[in-house]
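The primary structure of each chain is shown beneath.
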Amino acid sequence: MLTKETPLGIPHRRWPAGGSVIKETLHLCRNNTGELASYLASLGYTVDGVDFAEGALKRARAEHAEVKAVRWLCVDMEHDDLADLAEGGYHLVVLRLSIAFIRDRARVLRRLAARLREGGVLVIITPVVEHTPDERRHIALDESELAALTDGFEQVERFDAQSLAVLILRGPASSFSAEEKRRPEPQAVFGAAVVVTDAFGRVLLGRSTRGMWELPGGRIETGEAASAAAVRELAEETGLMARLEDAHVITVLHDDRLDVRRITAVVRVTTWSGELGLPEPHRFVRWEWHDLHALATLGKIFAPTTQALTAVWPGLLPGLPPIHSYACSAAVPPVPGEPAEAARLRERMADTVIEKGWAPSPSSKPHCGRSPGTGSSLRPQWRRPTTTALPL
């Protein structure tokens, strides 16, 4: 309820009765630090009048020397320790003509709100851009900036007077909400590439109707995990069945195809069952098991398939363009036809070839020759295959 006017001409609301109040302000234009502090003291409050400028505090002490209920403190609310403030907290915290000069506003408001007593009020008084001359824009807030100040408070009131906005904030919220923007513009395609081997370590590739060899795989559907997409695509395209727990995402590859960002989850299936078939003859002509050492002589291979194969067996296919790789799986169980130490030996072979200079890797794009699950960095890296490593 509006009751009477402050010396600033701002309607005064009925604040919490009695107690202490902290007033934090900057001496900016027509009003000085002491005016509102003295007025609040006249209402019966015990006041901590705070400013970061000692000069403003010196003037306030001189001009309001007769006011005994105000303690003048020089504190930078954004950077200083707040140990000098009242230990028991405050019923009312007021920021007058100062919020525009604070860089980390949300953090400062939460520091101050944490010092409110139960039922306490945080008040912000600030000029509004709409009513402020251009040359003084820096002291005012626009509507979006005002809205940002209110985020996280349970109760928000606002009134306007004499070109100033007054925000009344109560109850700092103890939770947050995850918000969405508008529907993003589609610019990427996310798919899974499934790497399956037989008991002899040979990898499964299909001859597609597009005239090239491809791994099983396809796009990941809405709400679907990459490992689940791999199991589904394997069954749909080859007839082979796998359990979700036997599908391991070992890395995520990222490259560009024309104006589309192409993201591929490389999924290693360690155990499968069933008979190889041709459930989708409109997409694939046949499926075959291939020796790893012969892949470099296979002819046309779908580009994401080459990158996925090289992610599993570094150096397998030389001369590929660089690609971003984000390692995921910490460990992949050994699979039929591949000893548990094969990945370690392949890694050592690749490192030796590069260190000896037999197949130098350009220094401007560091070699990413780590096999997934053997200490790969979780940071995005450039990978340029430099040598052919025979399967072990």
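The rules we used
Position numbers for residues count from 1 along each chain, tracking the sequence in the order it is written. Residue-level local features of this predicted model are given only where pLDDT is at least 70; pairs of side-chain atoms are given and counted only at 80 or more, and the full residue set underlies all totals for whole chains, interfaces and linings. Water and hydrogen atoms were dropped before computing side-chain values, which therefore reflect all heavy atoms in the structure. Counting from the N terminus, the helices are DSSP H or I runs at least four residues long and the strands are E runs at least two residues long. When checking whether two residues touch, look at their non-hydrogen atoms; a contact exists if any pair is within 4.5 Å. Only the protein chains shown count as covering a residue, and every accessible area follows the Shrake-Rupley method with a 1.4 Å probe. Buried Ala, Val, Leu, Ile, Met, Phe, Trp, Tyr and Cys residues that are joined via side-chain atoms within 4.5 Å together make up what is termed a nonpolar core. Exposed residues in this analysis have more than 50% of their type's maximum accessible area, buried residues have under 20%, and partly exposed residues fall in between, with area computed by a 1.4 Å probe over protein chains only. Multiplying 1.5 Å by the helix residue count minus one yields the expected span of that helix. A side-chain nitrogen of Lys or Arg and a carboxyl oxygen of Asp or Glu constitute a salt bridge if their distance falls within 4 Å. The directions from the helix axis to the C-beta atoms form the arc being described. Values of pLDDT, which run from 0 to 100, indicate the predictor's confidence residue by residue. Any two strands with at least two DSSP bridges between them are considered paired. With its strands directed away from the observer, a crossover is right-handed exactly when the path from the first strand over the helix to the second travels clockwise. Definition of a polar contact: a pair of N or O atoms within 3.5 Å, with one able to donate and the other able to accept a hydrogen when the atoms are protein atoms, and with sequence-neighbouring residues admitted only if both atoms are side-chain atoms. Aromatic rings from Phe, Tyr and Trp, with only the six-membered ring used for Trp, were paired whenever their centres fell within 6.5 Å, and each pair was classed as stacked if the ring planes differed by under 30 degrees, edge-to-face if by over 60, and tilted otherwise. Geometrically, a lysine NZ or arginine CZ counts as sitting over a ring once it is within 6 Å of the ring centre and also within 35 degrees of the ring normal.

1. Looking at the overall build of the chain
The helix and strand inventory of the chain stands at seven helices and 18 strands. Considering only contacts within the chain whose residues lie at least 6 apart along the sequence, 67% involve residues at least 24 apart. By element, 53% of the accessible surface of the chain is carried by carbon and sulfur atoms, the whole surface being about 20200 Å².

2. What about the nonpolar core?
Counting 27 residues, the largest nonpolar core has Met77, Leu95, Ile99, Leu122 and Leu149 as the members making the most contacts within it. Those elements that place two or more of their residues in this core are β6 (90-96), α3 (105-113), β7 (116-127), α4 (143-150) and β9 (164-172). Top element by residues in this core is α3. It accounts for four residues. The contact partners of Leu149, leaving out residues within four places of it in the chain, are Ile99, Arg105, Leu109, Ile124, Leu141, Leu167 and Leu169.

3. Some words on helix α5 (residues 226-238)
Along its 13 residues, α5 runs 18 Å from first to last C-alpha, staying within 8% of the 18 Å computed at 1.5 Å per residue. Of all 13 residues that make up α5, ten are buried, and the element is covered over most of its length. Buried residues belonging to α5 abut β10 (188-196), β11 (203-208), β13 (217-219), β14 (247-257), β15 (260-269) and β16 (284-290). At the exit of α5 stands Gly239, carrying a positive phi of roughly 85°.

4. Quick notes on the pattern of salt bridges
All told, the structure shown has 21 salt bridges when counted by the stated rule. Here Arg202 ties to Asp198 by a salt bridge, and the two come within 2.8 Å at their closest N and O atoms. Residue Arg232 pairs with Glu233 through a salt bridge whose shortest N-O separation is 3.2 Å.

5. A few points about α4
Count 3.6 residues to each turn of an α-helix, and residues three or four apart come out pointing the same way. Within the span of α4, buried status applies to Leu146, Leu149 and Thr150. Considered in projection along α4, the buried side chains sweep an arc of 100° and stay on one side of the axis. In the core, the buried residues of α4 are packed alongside α3, β7, β8 (153-161) and β9. Downstream of α4 by a residue or two, Gly152 has a phi angle that is positive, lying close to 90°.

6. Some remarks on the confidence of the model for the chain
With 76% of its residues at a pLDDT of at least 70, the chain reaches an overall mean of 81. Ranking the helices and strands of the chain by mean pLDDT puts α5 first, with 98, and strand β1 (residues 2-5) last, with 28. Of the regions scoring below 50 in pLDDT, residues 1-15 engages in 42 contacts with residues more than four places distant in sequence or in other chains. Confidence over residues 359-392 falls short of pLDDT 50; this stretch has 87 contacts with residues more than four positions distant or in other chains.

7. A few points about the sheet that holds β16
In space, the three strands of this open sheet follow the order β12-β11-β16, with antiparallel pairing throughout. Across the chains shown, the open sheet's two edge strands, defined by having one partner strand only, are β12 (213-214) and β16. Examined bridge by bridge, β11 and β12 share two bridges and lie antiparallel to one another. Residue pairing in the sheet places Gly206 in a bridge with Glu214 of β12.

8. Concerning the pairing of strand β5 (residues 70-74)
Bridge count for strand β4 (residues 46-51) against β5 is five bridges, and the pairing is parallel. Considered in β5, the bridge of Val50 is made with Leu73. In this region the chain leaves β4, passes through helix α2 (residues 54-63) and returns to the parallel neighbour β5; the handedness of that crossover is right-handed.

9. A closer look at the side chain of Thr238
Tracing the sequence through the fold places Thr238 in helix α5. Relative accessible area serves as the criterion here: at 0%, Thr238 is assigned to the buried category. Side-chain polar atoms of Thr238 contact the backbone nitrogen of Leu240, separated by 3.1 Å. Filtering out sequence-adjacent residues up to four positions away, Thr238 remains in contact with Leu204, Pro216, Glu233, Glu275, Leu276, Gly277, Pro279 and Trp287.

10. A look at the packing of aromatic side chains
What characterises a pair of aromatic rings is the spacing of the ring centres plus the angle enclosed by the ring planes. Per the counting criterion, the structure on display carries two aromatic pairs. For the pair Trp272 and Trp289, a centre-to-centre distance of 5.5 Å together with 20° between the ring planes defines the contact as stacked. Of this pair, Trp272 sits in the loop between β15 and β16 while Trp289 sits in strand β16, and the two are 17 residues apart along the sequence. Judged by relative accessible area, which is 27%, Trp272 ranks as partly exposed. Overall, the relative accessible area of 25% leaves Trp289 in the partly exposed class. On the basis of an interplanar angle of 35° and a centroid distance of 4.4 Å, the ring pair of Phe284 and Trp287 is categorised as tilted. Over the aromatic face of Phe302 sits the side chain of Arg210, whose NZ or CZ is 5.0 Å from the ring centroid.

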